[in-house]
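# Reading the structure
Residues per chain, in single letters:
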Amino acid sequence: IAEANMIGMAAGLSSTGMVPFASSFAIFACGRAYEMIRNSLAYPNLNVKVVANHAGITVGEDGGSHQAIEDVALMSVIPGMTVIAPADGIDTKAVIRLIAETKGPVYVRLTRDKFPRVHDENNYHLLGITSGAIPVFNLLEDETVELDYKLGIKNDRIEAFERTSDSPERAM
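Quick notes on the rules
Residues numbered from 1 in each chain as written. Predicted model: local features only at pLDDT ≥ 70, side-chain atom pairs only at ≥ 80, totals over all residues. Heavy atoms only, no water. Salt bridge = Lys/Arg side-chain N within 4 Å of Asp/Glu carboxyl O. Helix = DSSP H or I, 4+ residues; strand = E, 2+ residues; numbered from the N terminus. Buried < 20%, exposed > 50% of the residue type's maximum accessible area, 1.4 Å probe, protein only. Pairing = 2+ DSSP bridges. Core = buried A, V, L, I, M, F, W, Y, C linked by side-chain atoms within 4.5 Å. Contact = heavy atoms within 4.5 Å. Expected span 1.5 Å × (residues − 1). Arc of directions from axis to C-beta.

So, about the pattern of salt bridges. Side chains that carry opposite charge are capable of pairing whenever their charged atoms lie near each other. Inspection of every chain in the model, using the stated rule, returns one salt bridge. Here D71 and R109 are joined by a salt bridge, their closest N and O atoms 2.8 Å apart. Linking D71 in helix α4 (residues 71–76) with R109 in strand β4 (residues 106–109), this pair joins segments that are 38 residues apart in sequence. Side by side, D71 and R109 carry an identical accessibility label, which is buried.

Here the focus is the pairing of β4. Side chains on a regular strand alternate between the two faces of the sheet. Here β4 shows two buried faces, one formed by V106 and V108 and the other by Y107 and R109. The pairing of strand β2 (residues 49–53) with β4 spans four bridges and is parallel. Across the sheet, K49 pairs through a bridge with V106, a residue of β4. Taken together, the three bridges between strand β3 (residues 82–84) and β4 define a ladder with parallel strand orientation.

Formed by 25 residues in total, the largest nonpolar core has its most connected members in I7, I37, L41, V50, M75, M81 and Y107. Elements with a minimum of two residues in this core: α1 (3–15), α2 (26–31), α3 (34–42), β2 and α4. Here the element with the most residues in this core is α2; it accounts for five residues. Beyond its immediate stretch of four places on either side in the chain, M75 contacts C30, Y34, I37, M81, V83 and Y107. V51, V95, I99 and V106 belong to the second-largest nonpolar core, a separate cluster that totals six residues.

Before going further, it helps to examine α1. Under the 1.5 Å per step criterion, the end-to-end length of α1 is 18 Å for 13 residues, consistent within 8% with the ideal 18 Å. Every buried residue belonging to α1 is among E3, I7, A10, A11 and S14, and all of these are buried. The buried residues of α1 occupy one face: seen down the axis, they fall within an arc of 100 degrees. Residues of α1 that are exposed and angled more than 90 degrees away from the buried face: N5, M9 and S15. Packing partners of the buried residues in α1 comprise β1 (21–25), α2, α3 and β2.

In structure tokens:
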């Protein structure tokens, strides 16, 4: 396991103008490489994107040693680090495209499991990211909503949102 080396290489590539994407299991990407991310990426504000997969407790088959539940906490306390946890595949696709064009260090938290589709591909607009913030989405043509799903979207959260919505068509 050489996540610290991976982050060091990404930092070097970024210092030459490249936009590296470094990826590993979340527990290793932020756990084993935390000091490198903090000191080599965030403090000098390098343009590196850390895209971690297998985050959270949904990696049951891999055991507790692979379950990163602290990754959002670790990454979000680093000054200048933007932390994003996409809700579904549509969201992930848009976030990855956007962060490629966004300057500065970014941590993207992906899971292993498939989650239900939250966004409508035909009516989805990612408006932008500010450093350290959760992205703002235009879910419906006339409505902008800020969503916070740092810990991963689950069916019960979707159902709760639908139950509290004004009308079924505005529920997602």
